[in-house]
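# Working through the structure, step by step
This is what each chain is made of:
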Amino acid sequence: TFRNNYIGAINKPASALARWRRESPGYAPISFPLAEGRDSAFLRGNRGEATVTWIGHATVLLQTAGMNILTDPHFSERASPVSFAGPKRTTPPGIALEELPPVDAVLISHNHYDHLDSRTIKALLKKQKNNPPVFFAPLKLGEDLRAMGAKTVRELDWHQSARLGALTVTAAPCQHWSSRLPWDRNKTLWAAWLIRSPQLRALFVGDTGYTRDFADIRARYGAADLAVIPIGAYEPRWFMKDAHINPEEAVRIFSDIGARFAVASHWGSFSLTDERMDEPPKKLREARARAGLTAEDFAVLQHGETRVLSGMLSSQNANRGL
């Protein structure tokens, strides 16, 4: 089975899960407004600008070097193996799957149901049956993706890279665990993803506990222009800390990797853990202020909101004398 670099394997006993469920405050789910002025036509026609669009949860559309990259695509109603039970989406995807531009690459961080959704994968492949995307996945996930219909899957170990056109995609270490069934704990790898093009250097964190891995990533690969960092699903800390960062730790990762700009993910779509659904952005604002950062450094986007990165990064470079 796979293990983390600094704490070994995460494999909590059933008694811990039972305690969490028993003590959960059970806050009511909350829905959030979609971004005004969502422009899927711009995204479909864009071939030159570097952009990032938060669709919801860990699903992000990244455009760079004329290519479209989709992370942990999830457009279904539930984060569950079945369509009739399990965590239900409270806010619809900010961009509908049907409105996406043709996706060139799909990055999968790990196999949990809120990150790897078979219904979405099948729908995306049906939509693009004549030009299917290339899937990048951590080790041992290829079999699952091929069972969902994926034709081209590149399985990578941590620090392995693959090329796709102008892109270099690298699997990077993070701190998490994997499972889709009661008997497959940590049988597949998990990863953050580095995406490098002549236009942009980006890091998609996926899902992680706080770990020295991110300082290691910066030392090995250099600083990122853009980071997509999770801020939600962190309470109760005694249960979640090893696998899910809170907003304060998200700001620490922002600093560790030397990002010029970050976008918050992994909140506001599903009620998965014990914090109120609107708490992560509030806690992030507080953590940013303590670190001397602003929303222009680490942004909380609305579902479907797009940021054009080309001019933003050029402006930041000029302000920093780069």
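We now turn to the structure provided with this report. (Residues numbered from 1 in each chain as written. Predicted model: local features only at pLDDT ≥ 70, side-chain atom pairs only at ≥ 80, totals over all residues. Heavy atoms only, no water.)

Time to look at the pairing of strand E6 (residues 153-156). Note that strand E5 (residues 134-138) and E6 share four bridges and pair parallel. Following the sheet pairing, Ala 137 is matched in E6 by Glu 155. Since E5 and E6 lie parallel, the crossover through helix H4 (residues 142-147) that links them has a hand, and here it is right-handed. (Pairing = 2+ DSSP bridges. Helix = DSSP H or I, 4+ residues; strand = E, 2+ residues; numbered from the N terminus. Right-handed = clockwise from strand over helix to strand, strands pointing away.)

Okay, the packing of aromatic side chains next. The geometry of two aromatic rings is summed up by the distance between their centres and the angle between their planes. Under the criterion given, the structure shown has seven aromatic pairs. Where Trp 158 meets Trp 190, the ring centres are 6.5 Å apart and the plane angle is 70°; that geometry is what we call edge-to-face. Taken as a pair, Trp 158 in the loop between E6 and strand E7 (161-164) and Trp 190 in the loop between strand E8 (167-172) and strand E9 (192-196) lie far apart in primary sequence, 32 residues in all. Residue class for Trp 158 comes out buried when judged on its relative accessible area of 14%. (Phe/Tyr/Trp six-rings, centres within 6.5 Å; stacked < 30°, edge-to-face > 60°. Buried < 20%, exposed > 50% of the residue type's maximum accessible area, 1.4 Å probe, protein only.)

Quick look at the sheet that holds E5 now. Across the sheet, which stays open at both edges, the seven strands sit in the order E6-E5-E4-E3-E2-E1-E14 with mixed pairing between neighbours. A single partner strand is all that each edge strand has here, and the edge strands are E6 and strand E14 (306-308). Averaged over all neighbouring strand pairs, the angle between strand axes comes to 20°, with direction disregarded. Where strand E2 (residues 59-64) and strand E3 (residues 67-71) come together, five bridges link them in antiparallel fashion. When the sheet's bridge partners are listed, Thr 64 is paired in E3 with Met 67. (Axes fitted to C-alpha atoms, helices over the stretch in contact; angles between N-to-C directions.)

Summarising the element assignment, His 244 is placed in the loop between helix H6 (237-240) and helix H7 (247-256). The class of His 244 is buried, set by a relative accessible area of 12%. A distance of 3.3 Å separates a polar atom in the side chain of His 244 from a polar atom in the side chain of Asp 207. Aside from chain neighbours lying at most four places away, what touches His 244 is His 176, Asp 207, Thr 208, Gly 209, Ala 233, Tyr 234, Arg 237, Glu 249 and His 266. (Polar contact = N/O pair within 3.5 Å; in protein donor to acceptor, adjacent residues only side chain to side chain. Contact = heavy atoms within 4.5 Å.)

Everything listed here is a matter of coordinates, which is why it stays silent on function.
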